[in-house]
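# Notes for the structure review
Here is what each chain is made of, one letter per residue.
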Amino acid sequence: MKKNVITGSKLWSIAMITSLLAACSSPATTSTTANAATSTTGTTKTVSVSEQTSVKYADLVSLDADDTNISWSEADSTAIKLNGTTATVTGSGAKAANGSVTITEAGTYVLSGELTDGQIVVNVADKGTVHLVLNGATIHDNDSAAIYIQKAGKAVITLEKGTKNTVSDGKTYVYADATTDEPDAAIFSKADLTFNGAGQLTVTGNYNEGITSKDDLKIISGNISVKAADDGIKGKDMVAIQAGTITIEAEGDGIKSTNDTDTTKGFVAIAGGTFDIQSGNDGIQAETALVTDGGKYNIVTAGGSANAPAKVEEGPFGGGGGGWGGGTPPTDMGTPPVGEPPADMPEMPNNSGNAGTNTNGAAASSSANTTATTDSDADADTATTATESTSAKALKAGTDLTVNGGTYTIDSMDDSLHSNNNVTVNDGTFNIESGDDGIHADQELTINGGTITIAKSYEGLEGAIITLNDGDVDVTASDDGVNAAGGETETAANTAASTDSATTATDATTTSNISVTETTGTTSTTDQTPQGTDATQQGRGPGGMGAASNNEFHINGGTLTVNAGGDGLDSNGSINMTGGTVIVNGPTDNGNGALDYDGTFVISGGYLVAAGSSGMAQGTSDASTQNTIVMTFPATQKAGTLVHVQDSEGNNILTFAPAKDYQTVVVSSPDLAKDGSYVIYSGGTSTGKAVDGLYTDGTYSGGTKVVAFQSTSNVTWVNESGVTTANTGMGGPGGGRGQGGFGGGRNRSQSGTTSDSTSSTDSAK
């Protein structure tokens, strides 16, 4: 996390490289790179946090014959012909009066023509199923819902193939009295509501919402366009979409489910379809679980990431963990200052957390404006009051968010994927631009597959426990690329670490009873060496800097490429890597590090290369079973300058062109030996193929020899003079969101935002 190093102040400096000698200039010999980095993909996959199987649409949604019935005939239906402000009814079960049509019996009703100011009312006492067929119908009501399902067992609206249908309301409603607040949508149902058919439907909700059901809302098929003054499509107990083409332009949320009193309801489940959603608030929001099996999604929230408020880092050290660690840096890195800090140094946060934060360490919003709406149900004797969220996330779940497939193009002002509990990505293709986090989980974020490109974000991946089991992930972040922070795990650790804390973090997450995740096997993931016994902990610095939490980042497979302005990989606890390929570019400033962790970084498999600044550099931990080299150059190297590592026989270990300026490079490979002899070169060219800057095959030549050395441990620190020894020098300002010492919370606030209070709190925001 961002360390908030304040330039221009008189804060004491972190120890930096100050007097390294100029690089040796002997030319490189050529080296064939046939055994390049990606040859290490055969490592055994280990799932150290629970690998969660997917819940799917079919697990949550059941359909009956009425949901899928699109058939009708003139002989067994009632025809309703609309004509201006009147209607003609042919058949039984419905009557036209005063410009409106009231249906009082179960059955099939076929609507055609145009009603310029009137209402279709369904009021069936026996709770039967009413089948409305829109057969080229235009329905508008100036002062109420155009279609109002007051009472029925179920209402099914079929869009007749080849027809265009339009439903709209006025900007002002007239209610019976001041206590009445429904209907409030152009199509409003107090019963289960299903849409099917192959026709077109255009809905304009000028007053408030487009389509609302106070029970279940299902879309089986159809081409549906909704424009709404508030929410586009809303189902209280569920929104289930099997297929169709859905276009939404909403000032509020695009699609949402709102039941916050029954944990088996309030979910959104999507099997497939094509979605184009532009929303002022969340794109798709579920009060409990959100599940997508497939589909094609184009979602823009609040005008997109370009409209995101500026992030403000509060507090001089309110950022992620840091400090020298993992086979700690060399003794010739300079001498840390001694004595008291300068008189004008900003006051450190107290142990109760930083001012202006909530119980999860998030910054308090700049104002407390909320918009209350009453969500009453006339069939019940109770009314609930919901406070609308001002969040603008693309996919948002109150409990678990599960993505099993689909193609997603997202430009969100807020998080692109967000859960107040867990996020699981099993498959799918994602192209994300986010004004905040690319993917955020308050608790566990698990990626089991898919292709994820986060082209723009504040932080790329964030969760209390993050696990990458498979998939291809490419992250660009202005702050941390990956950030394991927050959640219950850190709360417990920080409470224990700070015994005089005035406040303790609370878990604001609601747990769902919906069977969203099934754990196929859970093993203990905490394999942390007690502080002080590993070189990782020796560099924590004075005053409890960087006290580790229980946050975890597990890399068991797949590929991860990071381009970060802040820390590349940041864990307020530990990092564990057993397989996969990880490439980190950045940061360039010395207040962050390519690797930043407060516990341990134990690597036993896979391939790691991380290039960034030297000021907060960390390697892997001494407890690792796979070997690592940490090279610090005497001066900053320009982006694109090759760094090449080969063994004494000329075999390639690394040929890499970092995407950003760098001074320290960390490489860990199964090909590195604890007692091997290696040569590091700078510059030159390679005839191999580069993927994300990492070259495979080909021949390296033309570089400048920097250093030749013999590794002596599983974490070897080198500079141009050779192997250096570890010290216990001053650590960096670590411990993001922690308590005690400099390990204060991130305290990220957003200027110009209002607080958003919902029944499922965005607790880590």
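Residues numbered from 1 in each chain as written. Predicted model: local features only at pLDDT ≥ 70, side-chain atom pairs only at ≥ 80, totals over all residues. Heavy atoms only, no water.

Scanning the protein from terminus to terminus reveals four helices and 63 strands. The buried share of the protein, taken over its 765 residues, is 59%. In the protein, the share of contacts with a sequence separation of at least 24, taken over all contacts with a separation of at least 6, comes to 65%. Entry remark: accessible area of the protein is about 26,400 Å², with carbon and sulfur atoms responsible for 47%. (Helix = DSSP H or I, 4+ residues; strand = E, 2+ residues; numbered from the N terminus. Buried < 20%, exposed > 50% of the residue type's maximum accessible area, 1.4 Å probe, protein only. Contact = heavy atoms within 4.5 Å. Areas by Shrake-Rupley, 256 points an atom, 1.4 Å probe, with all protein chains shown as cover.)

What follows concerns the packing of aromatic side chains. As enumerated under the stated definition, the model contains eleven aromatic pairs in all. Considering the side-chain rings of Tyr173 and Tyr207, the 4.0 Å spacing of their centres and the 15° angle between planes classify their relative orientation as stacked. Here Tyr207 lies in the loop between β15 (200–205) and β16 (209–213) and Tyr173 lies in the loop between β12 (164–169) and β13 (185–189), a separation of 34 residues in the sequence. Three or more aromatic residues joined by ring pairs make a cluster, and in this case those are Phe275, Tyr297, Tyr408 and Phe430. Sitting over the face of the ring of Tyr458, Lys311 holds its NZ or CZ atom 5.4 Å from the ring centroid. (Phe/Tyr/Trp six-rings, centres within 6.5 Å; stacked < 30°, edge-to-face > 60°. Lys NZ or Arg CZ within 6 Å of the ring centre and 35° of its normal.)

The next point concerns unusual backbone geometry. Going from Glu182 to Pro183, the amide bond is cis rather than trans, its omega being 10°. As for its placement among the helices and strands, Pro183 is situated in the loop between β12 and β13. Put simply, Gly586 and Pro587 share a cis peptide bond, and its omega is 10°. Relative to the helices and strands, Pro587 is located in the loop between β47 (581–585) and β48 (595–597).

Looking now at the environment of Ile439. Relative to the elements of secondary structure, Ile439 occurs in strand β37 (residues 437–447). In sequence terms Ile439 and Gly460 are 21 residues apart; their C-alpha atoms lie 6.4 Å from each other. Residue contacts for Ile439: discarding those within four places in its chain leaves Leu417, Val423, Ile432, Leu445, Ile452, Ile454, Gly460, Leu461 and Glu462.

Moving on: the pairing of strand β9 (residues 129–141). Judged from the eight bridges that link them, strand β7 (residues 107–115) and β9 form a sheet pairing that is parallel. Directly across from Tyr109, in β9, lies its bridge partner Leu132. Of the pairings in the sheet, the one linking β9 to strand β11 (residues 154–159) comprises six bridges and is parallel in character. By the bridge assignment, Val130 is partnered in β11 with Ala155. (Pairing = 2+ DSSP bridges.)

A few words now on the environment of Asn576. Locating Asn576 in the fold gives a position in strand β46 (residues 574–577). Once the C-alpha coordinates of Asn576 and His554 are considered, the two residues, 22 residues apart in sequence, prove to be 4.9 Å apart.

Here the focus is the confidence of the model for the protein. Of the residues in the protein, 70% reach a pLDDT of 70 or more, and the chain-wide mean stands at 79. Per-residue pLDDT stays below 50 along residues 314–389; that stretch engages in 241 contacts with residues further than four places along the chain or on separate chains. (pLDDT = per-residue confidence, 0-100.)

The next subject is the pattern of salt bridges. In total, this model carries eleven salt bridges according to the counting rule given. Salt-bridge contacts for Asp64 lead to Lys154; the nearest nitrogen and oxygen are separated by 2.7 Å. Placement of the pair is Asp64 in the loop between α1 (57–60) and α2 (65–68) and Lys154 in strand β11, with a sequence separation of 90 residues. Assessed through its relative accessible area of 35%, Asp64 is described here as partly exposed. Owing to a relative accessible area of 9%, Lys154 belongs among the buried residues under this scheme. Between Lys256 and Asp253 there is a salt bridge, and its shortest N-O distance comes to 2.9 Å. (Salt bridge = Lys/Arg side-chain N within 4 Å of Asp/Glu carboxyl O.)

Here we come to the side chain of Ser77. With respect to the helices and strands, Ser77 occurs in the loop between α2 and β3 (78–84). Polar side-chain contacts of Ser77 include one of 2.6 Å to the backbone oxygen of Ser73. Dropping the residues within four chain positions of it, Ser77 is found in contact with Trp72, Thr90, Thr108 and Val110. (Polar contact = N/O pair within 3.5 Å; in protein donor to acceptor, adjacent residues only side chain to side chain.)

Here we take up the side chain of Asn714. Structurally, the position occupied by Asn714 is in the loop between β60 (704–710) and β61 (715–719). Take Asn714: its relative accessible area is 13%, and that puts it in the buried class. Reaching out from Asn714, the side chain makes a polar contact with the backbone oxygen of Asp622 at a distance of 2.7 Å. From its side chain, Asn714 meets the backbone oxygen of Ser624 in a polar contact 2.7 Å long. Here Asn714 is in contact with Ser621, Asp622, Ala623, Ser624, Gln626, Asn627, Thr628 and Lys674, once residues within four sequence places are set aside.

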